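# Structural features, examined
The residues making up each chain are set out below.
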Amino acid sequence: MKINKFEDVEKNVVQLEIEVDAAKFEEGMQQSFKKNASKFNVPGFRKGKAPRHIVERYYGEQVLYDDAINIVCSEAYDQAIDEKNLQPVDRPEIDIIQIGSKQNLIFTAKVTVKPEVELGAYMGVEVKKADDTVTDEDLEKEFNKVVEKNSRLVTVTDRPVQSGDTAVIDFEGFIDSVPFEGGKATDYSLVIGSGTFIPGFEDQLIGKSTGEEVDVNVTFPEDYGKEELSGKPALFKVKIKEIKVKELPVVDDEFAKDISEFDTLEEYKKDLRNKLEETAKHKAEHENEENVIRKVAENATVEIPKVMVEKQIDSMVRDFDMRLRYQGLDLQKYLEIMGMDYEGFRGQFAEGAEKEVKIQLVIEKIAQVENVQASDEDLDEEVKRMADLYKQSAEELMKSLSPEEKEYVKKDIAFRKTIKLLVQNAKLA
């Protein structure tokens, strides 16, 4: 293999003209024949049994070109990339210049490569320090959530519906006196004032008593998820079957014993504060890290190829789809509910994707400049952590990793070590 030409055709896009000698191309042709021999049906021979020279005479040698090109070009391209120390970020566009038996194979490969990063200030950047304070108000707010969680609903019969009550209702909705799909339910528990239903629905139940039947008139919002209902006036026939009110528990030492391992309320609250402080500390550390990374990336200059942004968007969309599936939805259904098309949905990720790609490139460049690397000991520790996570032995996991996978893990470790270095040297004020 030799590289005849190497040129920049546009920003971050290079083109190589690569030549492979005839003997190497012949090896590819022979491999292609062995791979496809069983497909050839030549008169006078059982299917798949005709010799190669007969197959080429009958079909033409071009019948073997596709696989031969894939075999030979792939190997030669990889060698050329290594020789020129390039870092492609996409598959190459291959064009054949010269091909044929007893001829050198000549082809061009045009590929987008990783852009050059011009670093700005990155050591000792100044960012605002995240607040990790836990106030008495924070503690009370969290404690009240615990109390609310341990409350119970009790039925009241001596008064009508009030805001904050839970009304157990039967209802059926009509548009132009015709029931519509999804507009009917029985024994539905509706928290009055929660804003769960169409605006105005809950307010019209206030002041009504158990057993009372109510006509509720509302208009669906223009941006309602179902197009056939958007902007339409509707009548709901509602029956109030039960009124329930939230009853909070008595907050004392017995309450603390019931919900925790502590004997007193004071001990429980002290432990709750400790947990809140630990959470606040981790949250602040993460926020400081994010702020430092963002500042360092802002200080750097890099022209990001569109293909890298598109790949990051693809990754973000896949992650979003996976989270939807955990909730029993899929992306198509989500888009229908939200009234969005796929391209518009993808477009929402574009800005974030570009920022993510820039951060990745900048941190990688800093790691290179600062010679931040992952040692074999770092790899051992990471594999042990991963093994603990997946409930298997570190030895088995290490053996199962290919050299490429180990290298990927090392790069990830170096990436995280670089971020740690930046945060350690940052000025948090």
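The following paragraphs examine the structure supplied in this document.

Thresholds, definitions, all that
- Residues numbered from 1 in each chain as written.
- Predicted model: local features only at pLDDT ≥ 70, side-chain atom pairs only at ≥ 80, totals over all residues.
- Heavy atoms only, no water.
- Helix = DSSP H or I, 4+ residues; strand = E, 2+ residues; numbered from the N terminus.
- Rg over C-alpha atoms; globule rule 2.2 N^0.38 Å.
- Buried < 20%, exposed > 50% of the residue type's maximum accessible area, 1.4 Å probe, protein only.
- Contact = heavy atoms within 4.5 Å.
- Pairing = 2+ DSSP bridges.
- Axes fitted to C-alpha atoms, helices over the stretch in contact; angles between N-to-C directions.
- Core = buried A, V, L, I, M, F, W, Y, C linked by side-chain atoms within 4.5 Å.
- Patch = residues over 30% accessible without salt bridge, like charges linked within 9 Å, V, L, I, M, F, W, Y side chains within 5 Å.
- Areas by Shrake-Rupley, 256 points an atom, 1.4 Å probe, with all protein chains shown as cover.
- Salt bridge = Lys/Arg side-chain N within 4 Å of Asp/Glu carboxyl O.
- Lys, Arg positive; Asp, Glu negative; His and termini not counted.
- Charge placed at Lys NZ, Arg CZ, Asp CG, Glu CD.
- Phe/Tyr/Trp six-rings, centres within 6.5 Å; stacked < 30°, edge-to-face > 60°.
- Lys NZ or Arg CZ within 6 Å of the ring centre and 35° of its normal.
- Parallel < 35°, antiparallel > 145°, perpendicular 65-115°, else oblique.
- Nonpolar A, V, L, I, M, F, W, Y, C, P; charged D, E, K, R; others polar.

## Section: the overall build of the chain
- Counting its regular elements, the chain contains 13 helices and eleven strands.
- Relative to the globule expectation of 22 Å for 429 residues, the C-alpha radius of gyration of the chain, 34 Å, shows a markedly less compact shape.
- Along the first, second and third principal axes, the C-alpha set of the chain runs to 100 × 60 × 45 Å.
- A buried classification covers 36% of the 429 residues belonging to the chain.
- Restricting the contact set of the chain to residue pairs at least 6 apart, pairs at least 24 apart contribute 66%.

## What to know about the environment of Pro92
- Tracing the backbone through its elements, the reader meets Pro92 in the loop between α3 (65-83) and β3 (93-98).
- The contact partners of Pro92, leaving out residues within four places of it in the chain, are Tyr77, Ala109, Lys110 and Val111.

## Considering the sheet that holds strand β4 (residues 105-112)
- What the four strands build is an open sheet, ordered β1-β2-β4-β3; its pairing is antiparallel. The two strands at the open ends of the sheet, each matched to only one other strand, are β1 (2-10) and β3. Shown here is a sheet whose adjacent strand axes are inclined to one another by a mean of 20°, direction ignored.
- As paired elements, β3 and β4 share five bridges and run antiparallel to each other. When the sheet's bridge partners are listed, Glu93 is paired in β4 with Lys110.
- Together, β1, β2 (13-20), β3 and β4 form the strand contacts of α3, whose direction differs from that of β4 by roughly 60°.

## Here we look at the pairing of strand β8 (residues 178-191)
- The sheet contact formed by strand β7 (residues 166-175) and β8 spans eight bridges and is antiparallel. Looking at the pairing, Thr166 lines up with Val191 of β8.
- In this antiparallel pair of consecutive strands, β7 and β8, the connection spans two residues, and Asp176 shows a positive phi of 55°.

## Brief notes about the nonpolar core
- Counting residues in each nonpolar core, the largest one holds 35 residues, and the members touching the most others are Val296, Leu331 and Phe345.
- For this core, the elements supplying multiple residues, two or more each, are α6 (265-299), α7 (306-326), α8 (331-338), α10 (350-369) and α13 (403-425).
- Those residues within four positions of Phe345 in sequence are excluded, and the remaining contacts are Val317, Phe320, Leu331, Tyr334, Leu335 and Met340.
- Residues Val20, Ala50, Ala80 and Val111 belong to the second largest nonpolar core, which totals 30 residues.

## Thoughts on a negative patch on the surface
- Where like charges cluster on the molecular surface, the negative patch consists of Asp131, Asp132, Glu137, Asp138, Glu277, Glu278, Glu285 and Glu287.
- Looking at the negative patch, the elements that each hand over two or more residues are α4 (136-149) and α6.
- Tracing the chain through its elements places Glu285 in helix α6.
- Taking the relative accessible area as the measure of exposure, Glu285 reaches 42% and is therefore partly exposed.

## With respect to the packing of aromatic side chains
- Counted under the stated rule, the structure contains 21 aromatic pairs.
- Note on Phe25 and Tyr65: the rings are 6.3 Å apart at their centroids and 55° apart in plane angle, and the pair reads as tilted. Separated by 40 residues along the polypeptide, Phe25 in helix α1 (residues 22-36) and Tyr65 in helix α3 bring together distant segments of the chain. Across the pair, exposure class does not vary: Phe25 and Tyr65 are buried alike.
- Members of the aromatic cluster, connected to one another through ring pairs, are Phe171, Phe180, Tyr188, Phe197, Phe201, Phe220, Tyr224 and Phe236.
- The lysine or arginine in question, Lys269, covers the ring of Phe143, its NZ or CZ lying 4.5 Å from the ring centre.

## Topic: the packing of helix α11 (residues 376-389) against α13
- In the contact formed by α11 and α13, the axes pass within 10 Å of each other and the chain directions differ by 100°. In terms of orientation, α11 lies roughly perpendicular with respect to α13. Within the contact between the two elements, α11 uses Asp376, Asp378, Leu379 and Glu382 and α13 uses Lys406, Val409, Lys410, Ile413, Arg416 and Lys417.
- Counted by class, the contact of α11 with α13 contains three nonpolar, no polar and seven charged residues.

## What to know about the pattern of salt bridges
- Under the counting rule described, the total for this entry stands at 31 salt bridges.
- Across the pair Glu140 and Lys269 runs a salt bridge whose closest N-O atoms are separated by 2.9 Å. Placement of Glu140 in helix α4 and of Lys269 in helix α6 is noted, with a sequence separation of 129 residues between them.
- Overall, the relative accessible area of 33% leaves Glu140 in the partly exposed class.
- With relative accessibility at 23%, the residue Lys269 sits in the partly exposed group.
- The partner of Glu310 in a salt bridge is Arg346, and the shortest N-O contact between them spans 2.5 Å.

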